[in-house]
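A look at the structure
Here is what each chain is made of, one letter per residue.
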Amino acid sequence: MFSTRRILLAAAVAATLAPVAYAQSPIVIKFSHVVAADTPKGKAAEFFAKRAGELTKGKVKVEVFPNSQLYKDKEEMEALQLGSVQMLAPSLSKFAPLGVKEFEVFDLPYIFDNYPELHKVTQGALGKSLLAKLEPKGITGLAYWDNGFKSFSSNRPMHKPEDFKGLKMRIQSSKVLDAQMRALGVVPQVMAFSEVYQALQTGVVDGTENPHSNLYTQKMHEVQKHITVSDHGYLGYAVVVNKKFWDGLPADVRGQLDAAMAEATKVANDSARALNDEALAKVKATGKTEIYTPTAAERLALKKALVPVHKQMESRIGAETIQQIYKETDFDPAKL
Ligand code: LMR
């Protein structure tokens, strides 16, 4: 929608007019994201906006722009670094193009079995150290927000690993997701989230993977006949701000925003699972898409096909980071 040149120009004009953001009244935080308002991220962003206004007594106004209204995936990262937008919550799968490849550890298939295992990592030392890696990029990481575990979708039943062979599937911009798809014989195609529905509808790709809240709110089920509830990987977010903007805020205001963020994080992480379950129930109610839950044997076969991706991606993500997660979650690939 916006070219990099236009973003640069807008940033330059903004910098001339308002060298320090907090000289304006109220301080405006533009929070851009790519999903629908009625999703775990969309709802948490709205909640944060409300609480930020309340806790700062109107000194801060958070304007939320959902559904790629302002920027698409790649553009929003550039816009954040340039200061054209102050806050984002991109999926953890979208940080490698910034040069922080370690975030792709969250994409490793079947590395987390459930939310509590995942929270040990996001709320522990590793989660913190990953956010710290964003600082040299001019970005401050504030929190991790959940979405959920992904299902595969396409127009073909997908029960066994062989069933995936030859499908073309949209992925987020992550080399781990690329390797995951290739391990199933799928041809992966990186594409912005805003373009997925149309690509599925027109047959540019055959299928994709997403938590049910994303699938339902983008109406992907209308153009996908089959969903396999594989829970093969996690999709969640890092809430990030432009570092210069954040550091330039008065300390009391930053403290109030931190408090609003802590509350919003709890809302996001307490409600994500229920929202995804609701979305799946709504897809089921349409009666248009067949929803398949793999048997224990089929799940194991998928796991065996996908877990070798961990080893394959060691050199990209770092063996130590992967081992750290195995330790936290008691995972041992040798025991599969
Ligand atoms: C995707 O691109 O599929 C997701 O990252 C969208 C999102 O923000 O949940």
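Computed from a predicted model, the values in this text were never measured in an experiment. (Residues numbered from 1 in each chain as written. Predicted model: local features only at pLDDT ≥ 70, side-chain atom pairs only at ≥ 80, totals over all residues. Heavy atoms only, no water.)

Side note on helix α11 (residues 296-306)
- Along α11, the positions that sit buried rather than exposed are E298, L302, K303 and L306. For α11, the angular spread of buried residues about the axis comes to 140°, placing them on one side. For α11, exposure combined with an orientation more than 90 degrees from the buried face picks out A296 and A297.
- Buried residues belonging to α11 abut α6 (175-183), β11 (290-292) and α12 (308-312). (Buried < 20%, exposed > 50% of the residue type's maximum accessible area, 1.4 Å probe, protein only. Helix = DSSP H or I, 4+ residues; strand = E, 2+ residues; numbered from the N terminus. Arc of directions from axis to C-beta. Contact = heavy atoms within 4.5 Å.)

A look at the environment of K50
- The topology assignment puts K50 in helix α2 (residues 40-55).
- Accessibility expressed as a relative area gives 49% for K50, which makes it partly exposed.

Considerations on the environment of G148
- Tracing the chain through its elements places G148 in strand β4 (residues 139-149).
- Counting along the chain gives 23 residues from G148 to A125, while the straight-line C-alpha distance between them is 21 Å.
- Apart from residues no more than four positions distant in its own chain, G148 is found in contact with Y115, P211, G233, Y234, L235 and N276.

A look at helix α3 (residues 73-82)
- Three or more residues of α3 are buried, namely D73, E75, E76, M77, A79 and L80.
- Downstream of α3 by one or two residues, G83 has phi in the positive range, about 85°.

Quick look at the domain arrangement of the protein chain
- Taken domain by domain, the protein chain consists of domain 1 (4-147 + 236-275) and domain 2 (151-233 + 278-329).
- Centre-to-centre, using C-alpha coordinates, domain 1 lies 25 Å away from domain 2.
- With 34 residues of domain 1 at the contact, the number on the domain 2 side is 40 residues.
- When domain 1 packs against domain 2, close to 3,200 Å² is buried across both sides, 58% of that on carbon and sulfur atoms.
- When residues of domain 1 are sorted by the area they lose upon contact with domain 2, L108, P109 and Y110 head the list and together hold 24% of the total.
- Among the ionic pairs, K72 bridges to E195, the shortest N-O distance being 2.7 Å.
- Counting the contacts that link domain 1 with domain 2 gives 16 residue pairs in polar contact (both at pLDDT 80 or more).
- Secondary-structure elements contributing two or more residues to the side of domain 1 that touches domain 2 are α4 (115-122) and α10 (251-286).
- With three residues, the top contributor of residues to the side of domain 1 that touches domain 2 is α4.
- Looking at the side of domain 1 that touches domain 2 residue by residue, the class counts come to 17 nonpolar, six polar and eleven charged. (Domains from an automatic or database assignment. Buried area = accessible area lost by both parts, 1.4 Å probe. Salt bridge = Lys/Arg side-chain N within 4 Å of Asp/Glu carboxyl O. Polar contact = N/O pair within 3.5 Å; in protein donor to acceptor, adjacent residues only side chain to side chain. Nonpolar A, V, L, I, M, F, W, Y, C, P; charged D, E, K, R; others polar.)

Re the packing of aromatic side chains
- Per the counting criterion, the structure on display carries nine aromatic pairs.
- Taking 6.1 Å as the distance between ring centres and 35° as the angle between the ring planes, the aromatic pair formed by F31 and W145 counts as tilted. Linking F31 in strand β1 (residues 27-32) with W145 in strand β4, this pair joins segments that are 114 residues apart in sequence. The same class applies to F31 and to W145, which are both buried.
- Relative to F112, the ring of F106 lies with its centre 6.1 Å away and its plane at 25°, an arrangement referred to as stacked.
- The buried category is assigned to F106, whose relative accessible area is 1%.
- For F112, a relative accessible area of 3% corresponds to the buried category.
- Linked through ring pairs, F106, F112, Y115, Y144, F149 and Y234 together constitute an aromatic cluster. (Phe/Tyr/Trp six-rings, centres within 6.5 Å; stacked < 30°, edge-to-face > 60°.)

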